[in-house]
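Structural overview
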Amino acid sequence: MSVIKNIGAIAHGMSITLKEMFQPTVVENYPDGPGPTKGAVFQERFRGMHVLQRDENGLEKCVACFLCAAACPANCIYIEAAENTAEKRISGAERYARVYNIDYNRCIFCGYCVEACPTDAITHGHGFELATFSASALVYRKEQMLAPAPAHMGANQVFAQSELESGGVKGS
Ligand code: SF4
Ligand code: SF4
């Protein structure tokens, strides 16, 4: 009886395999497939490369309080603080991060830095293409992580520099 039972179990298993063979393929064709990021589909809470946020005036939200660096279990955040002046204002508070580096050789994407930040200055973005052959290229500087400046600060230009230089854009 056990032989018949085993044959039945195998037949049942094979029937599931056969059924799956005719199901649609679920592989995502990265990077050429459909999707918002060339085929890569993210969950809402995916933790990718960090973004250093700006406030509604375009000033940097980071006030160089070092709480994120203190919370980081991998000790991979390096910050140098500087004072804002009347002539040169970078953040909305007294201080700003003159240097803000994250070493992605060591970051474990735990999100503790995001939770620790009192000004919501640091968040996880969806950037994930960090692979490189150079360890030094994985130390990201503030300029690489900073959110784009708003249009009134001269960023987000609609026209390419080549168009401006060639005179292809009137009034520039
Ligand atoms: S995600 Fe975690 S390991 Fe990475 S910088 Fe933030 S606190 Fe450190
Ligand atoms: S990112 Fe946030 S926690 Fe880290 S130094 Fe800046 S303000 Fe402080």
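Attention in this report is confined to the structure presented alongside it. Numbering of residues starts from 1 in every chain and runs along the sequence as written. Each chain is given a letter, starting from A, and each ligand a number, starting from 1, according to the order in which they appear as written. Reporting in this predicted model follows two pLDDT cut-offs: at least 70 for local features of residues, and 80 or more for side-chain atom pairs to be given and counted; totals over whole chains, interfaces and linings ignore these cut-offs and use all residues. Computation of side-chain values covers all heavy atoms of the structure but excludes hydrogens and water.

**Examining the overall build of the chain**
Applicable threshold: A run of H or I in DSSP becomes a helix once it reaches four residues, and a run of E becomes a strand once it reaches two; helices and strands are each numbered from the N terminus. The rule is simple: take the accessible area with a 1.4 Å probe, protein chains only, and divide by the maximum for that residue type; under 20% is buried, over 50% is exposed, in between is partly exposed. For this analysis, residues touch if any pair of their heavy atoms sits within 4.5 Å. To measure how exposed things are, a 1.4 Å probe is used in the Shrake-Rupley method; for residues, cover is taken only from the protein chains shown.
Counting its regular elements, the chain contains five helices and five strands. Helices and strands in the chain line up, N terminus first, as α-β-α-β-β-α-β-β-α-α. Across the 172 residues that make up the chain, the buried fraction comes to 29%. The long-range fraction of contacts in the chain, counting pairs at least 24 apart against all pairs at least 6 apart in sequence, stands at 67%. For the chain, the accessible surface area stands at approximately 12100 Å², while carbon and sulfur atoms represent 57% of it.

**Points about the pattern of salt bridges**
For clarity, the cut-off: Here, a salt bridge means any Lys or Arg side-chain nitrogen found within 4 Å of an Asp or Glu carboxyl oxygen.
Scanning all chains against the criterion turns up three salt bridges. Of the charged contacts in the structure, one is a salt bridge between Glu-80 and Arg-98, with a shortest N-O distance of 2.3 Å. Of this pair, Glu-80 sits in strand β2 (residues 77–83) while Arg-98 sits in strand β3 (residues 95–103); the two residues are 18 residues apart in sequence, bridging distant segments of the chain. By relative accessible area, Glu-80 is classed as partly exposed at 23%. Exposure remark for Arg-98: the relative accessible area of 46% places this residue in the partly exposed category. Taking the shortest distance from any N to any O, the salt bridge between Glu-143 and Arg-141 comes out at 3.4 Å.

**Focus: empty space enclosed by the protein**
Note the cut-off: The way it works is a 1 Å grid over only the protein atoms, where trapped points that fit a 1.4 Å probe form a cavity and open points with protein on both sides within 12 Å along at least five of seven lines form a pocket, and then any residue with an atom within 4 Å of a point lines it. Grid points are joined across faces, edges and corners, and a volume is the space filled by probe spheres set on the points. Three residue categories are used. Nonpolar comprises Ala, Val, Leu, Ile, Met, Phe, Trp, Tyr, Cys and Pro, charged comprises Asp, Glu, Lys and Arg, and polar comprises the others, including Gly.
Tallied over the full model, the rule gives three cavities of 30 Å³ or more. Put simply, the largest cavity is a space of about 80 Å³. Along the wall of the largest cavity there are 14 residues; nearest its centre are Cys-72, Cys-76, Cys-107, Cys-110 and Cys-113. Residues of the lining of the largest cavity, tallied by class, amount to eleven nonpolar, three polar and no charged. In this model, the second largest cavity occupies a volume close to 70 Å³. Around the second largest cavity, the lining comprises 13 residues; the ones closest to its centre are Cys-62, Cys-65, Cys-68, Cys-117 and Ala-121.

**A closer look at a nonpolar patch on the surface**
Our working definition: A patch consists of residues exposed above 30% relative accessible area that lack any salt bridge, with like charges linked at up to 9 Å and nonpolar side chains (Val, Leu, Ile, Met, Phe, Trp, Tyr) linked at up to 5 Å.
Together, Leu-18, Met-21 and Phe-22 make up an exposed nonpolar region whose accessible area comes to about 400 Å². Taking relative accessible area as the criterion, Met-21 reaches 59% and is therefore assigned exposed.

**Description of the site of ligand 2**
Applied cut-off: We call a residue near a molecule or strand whenever a single non-hydrogen atom of that residue lies within 4 Å of it. Any molecule with more than half of its atoms within 2 Å of a cavity's or pocket's grid points is regarded as sitting in that cavity or pocket.
Around ligand 2, a shell composed of 14 residues is seen, among which Cys-62, Cys-65, Phe-66, Cys-68 and Cys-117 lie nearest. Placement of ligand 2 is best described as lying within the second largest cavity. Grouping the amino acids of the shell around ligand 2 by side-chain chemistry returns 13 nonpolar, one polar and no charged.

**Regarding the nonpolar core**
To keep things clear, this is the line we draw: In this text, buried Ala, Val, Leu, Ile, Met, Phe, Trp, Tyr and Cys residues form a nonpolar core when linked through side-chain atoms within 4.5 Å.
Within the largest apolar cluster, 24 residues are counted, with the highest numbers of intra-cluster contacts made by Ile-77, Ile-79, Tyr-100, Ile-102, Tyr-104, Ile-122 and Met-145. Sequence-distant contacts of Ile-122, defined by excluding residues within four places in its chain, comprise His-50, Val-51, Leu-52, Tyr-100, Ile-102, Cys-113, Val-114 and Cys-117.

These figures come from the coordinates and say nothing about function on their own.
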